[in-house]
Amino acid sequence: MIYGKMEQGDKDNAWGRDEHNFVFYICMGKLIWNFCGECDYMNSKVAFKIEENEIDYPVEPPFHPGIPYPEYNGSISEHDNRVYDMVRNLLHMLGYDNENYGTPCWNPLKKIICKGNVVLLKPNYVMHENRGGDSIWAVITHPSIIRAIIDYVYKALEGEGRVIIADAPEGECDFDKIVALSSLSAIAEYYRETYDFK
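Residues numbered from 1 in each chain as written. Predicted model: local features only at pLDDT ≥ 70, side-chain atom pairs only at ≥ 80, totals over all residues. Heavy atoms only, no water.

## Overview of the overall build of the chain
Which entries qualify depends on this criterion: By the criteria applied, helices consist of DSSP H or I runs no shorter than four residues and strands consist of E runs no shorter than two, each listed in order from the N terminus. We call a residue buried when its accessible area falls under 20% of the maximum for its residue type, exposed when it is over 50%, and partly exposed in between, using a 1.4 Å probe and counting protein chains only. The contact criterion used throughout is that any non-hydrogen atoms of two residues lie within 4.5 Å.
Of regular secondary structure, the chain possesses 5 helices and 5 strands. Order of helices (α) and strands (β) in the chain, N terminus to C terminus: β-α-β-β-α-β-α-β-α-α. Of all 198 residues assigned to the chain, the portion counted as buried reaches 47%. The long-range fraction of contacts in the chain, counting pairs at least 24 apart against all pairs at least 6 apart in sequence, stands at 69%.

See the structure below:
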C-alpha cells in the first residue's frame, strides 16, 4: 500500500486509460466511482442515506469494524465503528453483488476491480488544518472511511495488485501532517503484518 502526494498533472497522465487501473474518489464522505476504461454502468447509480444524528468517527487506528461481518476475516475492534457500517451499507444500497450480501462470498467490488489491478484511492485531502476553525475532518477524509474502502478493495484484488492512496492538496498544504493525521501508516502496517500486502 502506497500513499503520497500527486503533483499537478498526475491525475490526468499518471494512470492512463488502462482497464487495470481503477480510481476511487472519496470526497467529504461521498464515494464517487471513476473507472479508467470502457464502463458506463457505474455512473448510473447514486446511493445515500441521511442520518438524523451526527456520526462520531472512530478514534483508534487502524479502524477495524466493530462487527464480525460474514465477508470480513480480519481483526474486530472492541469499539463501535458506525463509519464502517455506513460504507458497507452504501455498497449494499448500490446493489453491488447483492446476491451474495450477508454471506462470506459477498464481494461488492468484484465486477469493477479484478485480481492484480492497481487501485488508486483518492481521498479528499485539501489542507493539513481547517483555517475556518471547524473540525479537520471537514477538509480531509477521515481515515476510517478510507480503511473500510481498502478492505473491500483488498477483497476484490484477492490479495494481488496494489493499492495507492494519493491526492493533490492545495499548494501550501503540509502533506506529511495530513499523512500523520490520517493514520495511513497504521493502516498500511496492519495490511503488511496481517496479509503481507504492501
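## Here's the deal with the pairing of strand β5 (residues 162-167)
So the rule is basically this: By definition, the crossover connecting two strands over a helix is right-handed if that path, from the first strand to the second, turns clockwise as seen with the strands pointing away from the viewer.
Within β5, 5 of the 6 residues are buried, which leaves it mostly tucked inside the rest of the structure. With helix α3 (residues 143-157) bridging strand β4 (residues 118-122) and the parallel β5, this β-α-β connection has right-handed handedness.

## A short note on the side chain of Asp 151
Our working rule: Any N or O atom pair separated by 3.5 Å or less is treated as a polar contact, with the protein-specific requirement of one donor-capable and one acceptor-capable atom, and with residues adjacent in sequence counted only for side-chain atom pairs.
Counting through the fold element by element, Asp 151 comes out in helix α3. Taking the relative accessible area as the measure of exposure, Asp 151 reaches 7% and is therefore buried. Polar side-chain contacts of Asp 151 include one of 2.7 Å to the side chain of Tyr 84. If near-sequence neighbours (up to four positions away) are discounted, Asp 151 is found in contact with Tyr 72, Tyr 84 and Tyr 191.

## Considerations on helix α2 (residues 82-93)
Quick reminder of the rule: What a helix is expected to span follows from its residue count: subtract one and scale by 1.5 Å.
For α2, which comprises 12 residues, the first-to-last C-alpha distance of 16 Å matches the rise-based estimate of 16 Å (1.5 Å per residue) to within 8%. Those residues of α2 that fall on the buried side of the exposure criterion are Val 83, Tyr 84, Asp 85, Val 87, Arg 88, Leu 90 and Leu 91. Positive backbone phi, at 85°, marks Gly 95, one or two positions downstream of α2.

## Section: the pairing of β4
Our working rule: Two strands form a pair only when DSSP identifies at least two bridges running between them.
Burial analysis of β4 places 4 of its 5 residues in the buried class, which makes it a mostly covered element. Looking at chain direction, β4 and β5 are connected through 4 bridges and run parallel. Of the residues in β5, the one forming a bridge with Leu 121 is Ile 165.

## With respect to the environment of Ile 76
Looking at the element boundaries, Ile 76 is found in the loop between β3 (30-35) and α2. Residue Ile 76 is classed as partly exposed on the basis of its relative accessible area of 36%. With 11 residues separating them in the primary sequence, Ile 76 and Pro 65 have C-alpha atoms 5.5 Å apart. If near-sequence neighbours (up to four positions away) are discounted, Ile 76 is found in contact with His 64, Pro 65, Gly 66, Ile 67 and Pro 68.

## Brief notes about the packing of aromatic side chains
Geometrically, a pair of aromatic rings is defined through the distance of the ring centres and the angle of the planes. Filter applied, for reference: Pairing of aromatic side chains here covers Phe, Tyr and the six-membered ring of Trp, requires ring centres within 6.5 Å, and sorts the geometry by plane angle: under 30 degrees stacked, over 60 edge-to-face, intermediate tilted.
Per the counting criterion, the structure on display carries 14 aromatic pairs. Summarising the aromatic geometry, the rings of Tyr 84 and Tyr 152 are spaced 6.2 Å apart at their centres and angled 40° between planes, so their arrangement reads as tilted. One end of the pair, Tyr 84, is in helix α2; the other, Tyr 152, is in helix α3, with 68 residues separating them in the sequence. Side by side, Tyr 84 and Tyr 152 carry an identical accessibility label, which is buried. Ring geometry for Tyr 190 and Tyr 195: centres 5.9 Å apart, planes at 90°, overall edge-to-face. For Tyr 190, a relative accessible area of 8% puts it in the buried group. A network of ring pairs unites the aromatic residues Tyr 69, Tyr 72, Tyr 84, Tyr 101, Trp 106 and Tyr 152 as a single cluster.

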